[in-house]
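# Structural features, examined
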Amino acid sequence: MTEQKASTPKVAAHHPAQDAYKVTALVLQGGGALGAYQAGVYQALSEAGLHPNWIAGISIGALNAAIIAGNAPEDRVEKLTEFWETICKSAFWPNRPALPWPETMTWPQIFRDGVNTLAAWRALTEGQSGFFQPRMPPPVLQLHGTPATASWYDTAPLRETLERLADFDRINDQRSMRVSVGAVNVRTGNFAYFENRHHKLRPEHFMASGALPPGFPAVEIDGEYYWDGGMVSNTPLYKVLSDQPHRDALIFQVDLWSACGALPRDMSMVAERSKDIQFSSRTRLVTEYMRLTREQQRFLHDVMKLVPEDKRNDPAYRRAEQQANGALTNLIHLIYRDKPYEGHYKDYEFSVTTMHEHWQSGLTDMRHTLSRPHWLEPPKPEDPFVTHDVHRALNND
């Protein structure tokens, strides 16, 4: 991994496949330390000249979205690298150098288990530089707490990191990229999306999307407090798929949790498996639902063409017109695949070595995906919604 990240990756100007679509969207799920996988995916997209004009994220996906949308295309991978190398440092103690990759992949699992457990313990006790630090005094000792202090950690360092690495004027420039991040209103329990089309996005909007309790505090925005969007829906896929007006779209969906997994045999595996199920957000269920919906909408769109012109002012036709959709959707789906040595703490194990491995996994998976250029071709009208998954394809090869 280090070789790919050490040198400045090439940025291709434009991939011709994008010309067939009005929307090229990058959809980023939440998953804490696993989010380096998304950075690797973006590096591969950048190398291929696939530059999204819409990015939607939740939790760590929202933080990656801020770095991507807040920089020029030629600077994004460099800034993502700086972001991840910053937040993977201990807040207090010197960091050991990154262990050599890929040699670490061959180490005995018991050794890697110990190394990763120690890194996760350090994150819990020390925090992570530029991200979060233990709250002092702890919330149980506070006499007069507030919603902004009711947490185990203080995320003030994250604001400074975002302000340093992301240009918020660029983020709010709709001509550059559409940006959407999801969070949950603590008072009402309602899910909310903050978009640069309707809001002037600030660091608070991205921090709110990743404010997972009880670790991180609720973030105040315009008099309301918000928590991590992953508490309700850990992926913004439905938001992108249900967008109006309907337009042909190429969507890269990057998930960090897999809904499928092995049966747990001990309590540690129970904790890990429950997280997988909770935060996977049933992406494939949403995808299948939207596929069936789009097929019905496309069928209605085609049938309405048979209605004579003089009948198209009928109220029934007008209502049907609102439901019809002739758009074509190509969904490229990537899911991070767990390593054997990872446990229930994988979302807060921020060691530099593991971050490099996550990044490399995303880079490799996206490169394998792009090695199948026909996957980027628009769907046929008779099959308006198609999904491609590199891991399913590799298993079937």
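What comes next is a walk through the structure. (Residues numbered from 1 in each chain as written. Predicted model: local features only at pLDDT ≥ 70, side-chain atom pairs only at ≥ 80, totals over all residues. Heavy atoms only, no water.)

### Brief notes about helix H10 (residues 267-280)
Stated precisely, the cut-off is as follows: Think of it this way: any DSSP run of H or I at least four residues long counts as a helix, any run of E at least two long counts as a strand, and we number them from the N terminus. By definition here, a helix of n residues has an expected span of 1.5 Å times n minus one. We call a residue buried when its accessible area falls under 20% of the maximum for its residue type, exposed when it is over 50%, and partly exposed in between, using a 1.4 Å probe and counting protein chains only. Read the arc as the range of directions from the helix axis to the C-beta atoms.
For H10, which comprises 14 residues, the first-to-last C-alpha distance of 20 Å matches the rise-based estimate of 20 Å (1.5 Å per residue) to within 8%. Taken together, the buried positions of H10 are Met 269, Glu 272, Arg 273, Lys 275, Asp 276, Phe 279 and Ser 280. Projection of H10 onto a plane perpendicular to its axis shows the buried side chains occupying an angular sector of 155°, all on one side. When the buried face of H10 is taken as reference, the exposed residues oriented beyond 90 degrees from it are Met 267 and Gln 278.

### Overview of the pairing of strand S11 (residues 385-389)
Rules: For two strands to pair, DSSP has to find at least two bridges joining them.
With respect to burial, S11 is a largely interior element, 4 of its 5 residues being buried. Sheet analysis places strand S10 (residues 329-335) next to S11, joined by 5 bridges and oriented parallel. Counted as the bridge partner of Asn 330 is Val 386 from S11.

### A closer look at the pattern of salt bridges
Note the threshold: Salt bridges are defined by distance alone: a side-chain nitrogen of Lys or Arg within 4 Å of a carboxyl oxygen of Asp or Glu.
Within the structure shown, the criterion is met by 24 salt bridges. Here Glu 204 and Arg 159 are joined by a salt bridge, their closest N and O atoms 2.0 Å apart. In this pair, Glu 204 sits in helix H8 (residues 203-209) while Arg 159 sits in helix H6 (residues 156-165), placing the two residues 45 residues apart along the sequence. Ionic pairing is found between Arg 175 and Asp 173, a salt bridge with its closest N-O pair at 3.0 Å. Taking the relative accessible area as the measure of exposure, Arg 175 reaches 77% and is therefore exposed. In this structure Asp 173 comes out as partly exposed when scored by relative accessible area, which is 24%. By sharing partners, the salt bridges in this structure join Arg 178, Glu 195, Arg 197, Lys 239, Asp 243 and Arg 247 into a single network.

### Quick notes on the pairing of strand S5 (residues 178-185)
In the case of a regular strand, side chains alternate between the two sheet surfaces. Judged by how many residues are buried, S5 sits mostly within the fold: 8 of 8 residues are covered. Note that strand S2 (residues 54-58) and S5 share 5 bridges and pair parallel. Each residue of the ladder has a partner; that of Trp 54, found in S5, is Arg 178. Judged from the 5 bridges that link them, S5 and strand S6 (residues 191-195) form a sheet pairing that is antiparallel. Note on S6: the bridge partner recorded for Ala 183 is Ala 192. Once S5 ends, the chain turns through 5 residues before running back antiparallel as S6, passing Gly 189 with a positive phi of about 75°. Pairing geometry for S5 and strand S8 (residues 224-228), over 3 bridges, is antiparallel. Each residue of the ladder has a partner; that of Val 184, found in S8, is Trp 227.

### Some details on the nonpolar core
Rules: We define the nonpolar core as a collection of buried residues of types Ala, Val, Leu, Ile, Met, Phe, Trp, Tyr and Cys that are connected through side-chain atoms lying within 4.5 Å of one another. The criterion used for residue contact is that any of the two residues' heavy atoms lie within 4.5 Å.
By size, the foremost hydrophobic cluster in this structure holds 74 residues, and its most contacted members are Trp 84 and Phe 206. The leading source of residues in this core is helix H3 (residues 60-69), at 8 residues. Excluding residues that lie within four positions of it along the chain, Phe 206 makes contacts with Ala 62, Leu 63, Ala 66, Leu 162, Phe 168, Ile 171, Val 179, Val 181 and Leu 201. Judged by nonpolar contacts, the second largest core, of 13 residues, contains Ala 25, Trp 54, Leu 237 and Phe 385.

### Overview of the packing of aromatic side chains
Two aromatic rings, taken as a pair, are described by how far apart their centres are and by the angle between their planes. What counts, and what does not: Within 6.5 Å between ring centres, the rings of Phe, Tyr and Trp (the latter by its six-membered ring) count as paired, and their orientation is classed by plane angle as stacked under 30 degrees, edge-to-face over 60, tilted in between.
A full pass over the atoms with the stated rule returns 13 aromatic pairs. With a centroid separation of 5.2 Å and 50° between ring planes, the pair formed by Phe 132 and Phe 216 is classed as tilted. You can see Phe 132 sitting in the loop between helix H5 (109-126) and strand S3 (133-134) and its partner Phe 216 sitting in the loop between H8 and strand S7 (219-221), a full 84 residues away along the chain. Here Phe 132 and Phe 216 have matching classes, each one buried. A ring pair is formed by Phe 132 and Phe 350, whose centres lie 6.4 Å apart and whose planes are at 65°; its orientation type is edge-to-face. Separated by 218 residues along the polypeptide, Phe 132 in the loop between H5 and S3 and Phe 350 in the loop between S10 and helix H13 (352-370) bring together distant segments of the chain. A relative accessible area of 5% means that Phe 132 is categorised as buried.

### Describing the packing of helix H2 (residues 36-48) against helix H4 (residues 76-87)
Note the threshold: Here an angle of 0 to 180 degrees is reported between the N-to-C directions of two axes, which are lines fitted to C-alpha atoms, with helices fitted over the stretch in contact. Roughly parallel here means an angle under 35 degrees, roughly antiparallel means over 145, roughly perpendicular means 65 to 115, and every remaining angle is called oblique. Left-handed describes a crossing in which the near helix is turned anticlockwise from the far one by less than a right angle; the clockwise case is right-handed. Three categories are distinguished: nonpolar for Ala, Val, Leu, Ile, Met, Phe, Trp, Tyr, Cys and Pro, charged for Asp, Glu, Lys and Arg, and polar for the others, with Gly belonging to the last.
One way to put it is that H2 packs onto H4 with a least axis distance of 10 Å and a crossing angle of 165°. Classed by the angle they form, the pair H2 and H4 counts as roughly antiparallel. Where H2 crosses over H4, the two elements pack in a sense that is left-handed. Facing H2, whose interface residues are Ala 36, Ala 39, Tyr 42, Gln 43 and Ser 46, H4 presents Arg 76, Val 77, Leu 80 and Trp 84. Grouping the constituent residues of the contact of H2 with H4 by class yields 6 nonpolar, 2 polar and 1 charged.

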